[in-house]
Amino acid sequence: MLKTRLIGLVLVKDGIAVQSVGFSTYLPIGVPRIVVKYLDRWGVDEVVLLHIDGVAASTENVRTYSGQSQTPLSVGGGIRSVDDVKRIIHSGADKVVMNASLVSSPEVVTAAATLFGSQCIVASIDARRSGTDYEAYLDGGRRATGLSPSALALRAETLGAGEIFVTSIEHDGSRRGYDLDLVESVKEAVTIPVITAGGAGSAEHIRSAIARGVSAVAVGNMLHYTEHSVTLLKRQLVRAGADIRIDSYVSYQGTSFDLDGRLAKLSDENLEHLRFRYFPEEVI
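Residues numbered from 1 in each chain as written. Predicted model: local features only at pLDDT ≥ 70, side-chain atom pairs only at ≥ 80, totals over all residues. Heavy atoms only, no water.

Colleague: I'd like a rundown of helix α2 (residues 59-68), residues and numbers included.
Modeller: Looking only at α2, the buried set comprises Val62, Tyr65, Ser66 and Gln68. Mapping the buried residues of α2 onto a view down its axis gives an arc of 160°, with all of them on the same face. Exposed and oriented more than 90 degrees from the buried face of α2 are Glu60, Arg63 and Gly67. Packed against the buried residues of α2 are α1 (32-42), β4 (46-51), β5 (73-76) and α3 (82-90). (Buried < 20%, exposed > 50% of the residue type's maximum accessible area, 1.4 Å probe, protein only. Helix = DSSP H or I, 4+ residues; strand = E, 2+ residues; numbered from the N terminus. Arc of directions from axis to C-beta. Contact = heavy atoms within 4.5 Å.)

Following this line, the structure appears as structure tokens:
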């Protein structure tokens, strides 16, 4: 059985990597290539990079991003034609993420899947609650489709997409957990892998999504500022019984975590025991 992937999510707006809150507030993080570089070095299983300003990544930028990442790289945002897909793939991306084309030009999705294989096509679905149900949105949550996320996911699978990347608009950046009801509705509608995004704030949120049987969890804001954030997160998930890939020798054995998922402070006795011993310089 395949292990659940931990995906590092990078959002780019006007050339800057940003944090997104509710698809409406954007907080700057830094240079995208640096963010990709460190997520890759810290041990994510995949990087998804989305240009959320509607402008597709340039050939030069994709080459730069792919040069910083040894893990699989998916690139999306502003992809409207088969030529866009070709350019992104030929520039070094492993997959393309498509959103508006699912509705506005479905033939592009099918043609791209035929040309490069379904494994290269990720269908991105952004959704928010509409009464007691959900509605899928396009163009960064600005354009309603009139379709449920599950119906759009099924359409995407029929068109040839190989994965579904589903994001809750309300939960985006909230740090209160994924919308598991949304995830479940999409997962039940399709047979292809489902990735969940939007709302991760703790290891428990991620473990809960993994328990629902998703193929991957995408995490953005949690991973951006701490060097060992990926390794810490994976170790917490393993301790909680999640079946994920561990590729670091760092085990944090004998440590515990606080409610926010940070390493808890060791006792003064332990700290005293770990203090470096001083040996005077030998004089001959």
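Colleague: Now, about the packing of α3 against helix α5 (residues 106-116): what can you tell me, with residues and values included?
Modeller: It is at 9 Å that the axes of α3 and α5 come closest, and there the two elements cross at 40°. With respect to α5, the element α3 is oriented oblique. For the pair α3 and α5, the sense of crossing is right-handed. Across the interface between the two elements, Val82, Val85, Lys86, Ile89 and His90 of α3 pack against Val108, Ala111, Ala112, Leu115 and Phe116 of α5. Of the residues assigned to the contact of α3 with α5, the class counts are eight nonpolar, one polar and one charged. (Axes fitted to C-alpha atoms, helices over the stretch in contact; angles between N-to-C directions. Parallel < 35°, antiparallel > 145°, perpendicular 65-115°, else oblique. Left-handed = near helix turned anticlockwise from the far one by under 90°. Nonpolar A, V, L, I, M, F, W, Y, C, P; charged D, E, K, R; others polar.)

Colleague: Describe unusual backbone geometry, listing the residues and the values that go with them.
Modeller: Backbone geometry at aspartate 139 places phi at a positive 55°, although glycine is not the residue there. Of the residues examined, aspartate 139 reaches a relative accessible area of 29% and is grouped as partly exposed.

Colleague: Kindly report on the pairing of strand β12 (residues 216-219), identifying the contributing residues and their values.
Modeller: On β12, burial covers both faces: Ala216 and Ala218 on one face and Val217 and Val219 on the other are all buried. As judged from the four bridges shared by strand β1 (residues 5-13) and β12, these two strands associate in the parallel manner. From the neighbouring strand, arginine 5 faces β12, where its bridge partner is alanine 216. As paired strands, strand β11 (residues 194-197) and β12 are joined by two bridges and run parallel to one another. Looking at β12, one finds that isoleucine 195 is bridged to alanine 216. Each parallel crossover has a hand, and the one from β11 via helix α8 (residues 203-211) to β12 is right-handed. (Pairing = 2+ DSSP bridges. Right-handed = clockwise from strand over helix to strand, strands pointing away.)

Colleague: Residue-level account of the pattern of salt bridges, with values.
Modeller: In total, this model carries 13 salt bridges according to the counting rule given. With a shortest N-O distance of 2.8 Å, lysine 3 and aspartate 243 are connected by a salt bridge. Highlighted residues: lysine 3 in the segment before β1 and aspartate 243 in the loop between α9 (229-239) and α10 (268-274), separated in sequence by 240 residues. Among the ionic pairs, glutamate 163 bridges to arginine 5, the shortest N-O distance being 2.5 Å. Within this pair, whereas glutamate 163 is found in strand β10 (residues 163-168), its partner arginine 5 is found in strand β1, the two being separated by 158 residues in sequence. This pair shows no difference in class: glutamate 163 is buried, exactly as arginine 5 is. (Salt bridge = Lys/Arg side-chain N within 4 Å of Asp/Glu carboxyl O.)

Colleague: Explain the nonpolar core to me, using residue names and the numbers behind them.
Modeller: Ranked by internal contacts, the top residues of the largest apolar core, which has 66 residues, are Val10, Ile121, Ile164 and Ile206. Ranked by residues supplied to this core, first place goes to α5 with five residues. In this structure valine 10 touches Ala17, Val35, Val36, Leu39, Val47, Val48, Leu49 and Leu50, once residues within four positions along its chain are discounted. Counting 13 residues, the second largest nonpolar core, distinct from the first, contains Leu9, Leu11, Val122 and Ile195. (Core = buried A, V, L, I, M, F, W, Y, C linked by side-chain atoms within 4.5 Å.)

Colleague: Talk me through the packing of helix α6 (residues 149-159) against helix α7 (residues 180-189); I want residue IDs and the actual numbers.
Modeller: Taken N-terminus to C-terminus, the directions of α6 and α7 make an angle of 35°; their axes are 8 Å apart at the nearest point. Between α6 and α7 lies a crossing whose hand is right-handed. Two secondary-structure elements touch here, α6 through Pro149, Ser150, Ala153, Leu154 and Glu157 and α7 through Leu182, Ser185, Val186 and Ala189. When the residues that make up the contact of α6 with α7 are grouped by side-chain class, the tally is six nonpolar, two polar and one charged.

Colleague: Give me the pairing of strand β2 (residues 16-21): which residues, what numbers.
Modeller: Pairing between β1 and β2: three bridges, direction antiparallel. Note that in β2 the partner of valine 12 across the bridge is alanine 17. Count of turn residues in the β1/β2 antiparallel hairpin: two residues, of which aspartate 14 carries a positive phi of about 55°. Pairing of β2 with strand β3 (residues 25-30), which is carried by five bridges, proceeds in the antiparallel orientation. Among the inter-strand pairings, glutamine 19 is bridged to a residue of β3, identified as leucine 27.

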